[in-house]
Amino acid sequence: THDHGRSKFIDFPFVSSAQKNVMVDLVSRLENRLHSQLLPCTLPPDVQYYQSQTATAQASLHIRSGSDDSPVDFVLGSWVHSELPTGGSLDITSLSAYLKSSTDAPNFVFEMIRRSPTMLVLILDFPPRKDLVLWPDDLKTFYEDTELDTHRQALERVPEVQPYFSPSLCLRTVFSPTAILVRIVTENGGVERMEEIIRDHLDPISKQVLGIWLDHCACAKRDVGEAERAYLNKRDGLIRNKTIEIDLGSSFPRMFGPEVANRVLQVIKGYFTV
Ligand SMILES: C=CC1=C(C)/C(=C/C2=NC(=C3\c4[nH]c(Cc5[nH]c(C=O)c(C)c5CC)c(C)c4C(=O)[C@@H]3C(=O)OC)/[C@@H](CCC(=O)O)[C@@H]2C)NC1=O
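Here we summarise the structure given alongside this text. Just so it is clear, the structure is predicted and the values come from calculations on it, not from any experiment.

## Observations concerning a nonpolar patch on the surface
- A cluster of nonpolar side chains, contributed by Leu-134, Trp-135 and Tyr-231, occupies part of the molecular surface with about 300 Å² of accessible area.
- Structurally, Trp-135 is set in the loop between strand S6 (119–125) and helix H4 (136–144).
- Residue class for Trp-135 comes out partly exposed when judged on its relative accessible area of 33%.

Structure, rendered in structure tokens:
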């Protein structure tokens, strides 16, 4: 049943307790707050959990669609574990929420990409769904009034935190002005220091930012006209395709082989199609 798949997902088996705690907490808060708005996960078992032929890569995917009367299109949670030829492993845990075009509020994206025990890339953002130059009120409502930048500034003060620049310029166009896109490197402090940074900084900040998204984006009353709805559908479609292509297009076939990668990507694309 979907419950079995959920326990595989919520286990986050390959990451440290600090990283697992952040994920479990965010998933719980999101699911508890959206509660009756989210339908059970109906992914096939071999997509809820999948692995490469030689099990050097394993992953779990958990997608729940929003009910008809919900502004939420779907919520997606996942973890990916891939052994690297260098002996280390790549661990990615992610949680994102995509809204329908019945609202013009921003989506929610959270990704923790652990490239080694002492290197982590954090993506935490409300990717805007409209051009903020053309819609200055949205800049004010979602990014200024919510004081989102204070969280980015707080994280910036941690010495081991540096800005992260995606190699993809296209992906950079997707971020918001207050996006938290950082690389954390604890060469000197080692793994303990990384766990401490996750517990003392990433944990509280991600909870607060998710809380802001739930209060001001997921539950916001927004009026969207027909013309604007068409604009949102077009823009959402382009961005969803782009992020899948950039995030997964090259890494998934490399990690899971073409057959498994195609099977899983087809299912994900089904949800991402506007
Ligand atoms: C909107 C703002 C976004 C930003 C800013 C962003 C950033 C990045 N993600 C990367 C990656 C990534 N993410 C996931 C989770 C995931 N993403 C999706 C997207 O639809 C799904 C459906 C799932 C669950 C299955 C996996 C599995 C995965 C990689 O393998 C990939 C990576 O780490 O390879 C090392 C990196 C791309 C390459 C780069 O620039 O270095 C980069 C850091 N990804 C955004 O969405």
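## A word on the environment of Ala-179
- Considering the arrangement of structural elements, one finds Ala-179 in the loop between helix H6 (169–174) and strand S8 (180–185).
- Relative accessible area serves as the criterion here: at 11%, Ala-179 is assigned to the buried category.
- Measuring from C-alpha to C-alpha, the distance between Ala-179 and His-151 comes to 9.7 Å, with 28 residues separating the pair along the chain.
- In this view, Ala-179 contacts Leu-124, Asp-125 and Arg-152; residues no more than four positions away in its chain are not counted.

## Examining the sheet that holds S8
- The strand order across the open sheet built from eight strands is S1-S2-S3-S4-S5-S6-S8-S7, with neighbouring strands paired in antiparallel fashion. Of all the strands in the sheet, just strand S1 (49–51) and strand S7 (161–163) have a single pairing partner and so form its edges. The average undirected angle you get between the axes of adjacent strands in this sheet is 15°.
- Where strand S3 (residues 72–83) and strand S4 (residues 89–99) come together, eleven bridges link them in antiparallel fashion.

## Notes on the pattern of salt bridges
- One pass over the structure, following the stated rule, counts 21 salt bridges.
- The partner of Lys-130 in a salt bridge is Glu-228, with the nearest N and O atoms 2.8 Å apart. Placement of the pair is Lys-130 in the loop between S6 and H4 and Glu-228 in helix H8 (residues 226–248), with a sequence separation of 98 residues. The two residues Lys-130 and Glu-228 agree in class, both being buried.
- Counted as one network, the salt bridges with shared partners bring together Asp-104, Lys-130, Asp-138, Arg-222 and Glu-228.

## Examining the site of the ligand
- Taken together, 26 residues lie around the ligand, and Tyr-164, Ser-166, Phe-175, Asp-247 and Ser-251 are the ones closest in.
- One of the side-chain N or O atoms of Tyr-164 is found 2.8 Å from an oxygen atom in the ligand.
- The separation between a nitrogen atom of the ligand and a polar side-chain atom of Asp-247 is 2.8 Å.
- Burial of the ligand by the protein chains amounts to 93% of its free accessible area of 850 Å².
- Element by element, the count of residues in the shell around the ligand is highest for helix H9 (residues 251–272), at five residues.
- Its residues placed into classes, the shell around the ligand shows 18 nonpolar, five polar and three charged.

Calculation criteria
- Residues numbered from 1 in each chain as written.
- Predicted model: local features only at pLDDT ≥ 70, side-chain atom pairs only at ≥ 80, totals over all residues.
- Heavy atoms only, no water.
- Patch = residues over 30% accessible without salt bridge, like charges linked within 9 Å, V, L, I, M, F, W, Y side chains within 5 Å.
- Areas by Shrake-Rupley, 256 points an atom, 1.4 Å probe, with all protein chains shown as cover.
- Salt bridge = Lys/Arg side-chain N within 4 Å of Asp/Glu carboxyl O.
- Helix = DSSP H or I, 4+ residues; strand = E, 2+ residues; numbered from the N terminus.
- Buried < 20%, exposed > 50% of the residue type's maximum accessible area, 1.4 Å probe, protein only.
- Contact = heavy atoms within 4.5 Å.
- Pairing = 2+ DSSP bridges.
- Axes fitted to C-alpha atoms, helices over the stretch in contact; angles between N-to-C directions.
- Near = heavy atom within 4 Å.
- Polar contact = N/O pair within 3.5 Å; in protein donor to acceptor, adjacent residues only side chain to side chain.
- Nonpolar A, V, L, I, M, F, W, Y, C, P; charged D, E, K, R; others polar.

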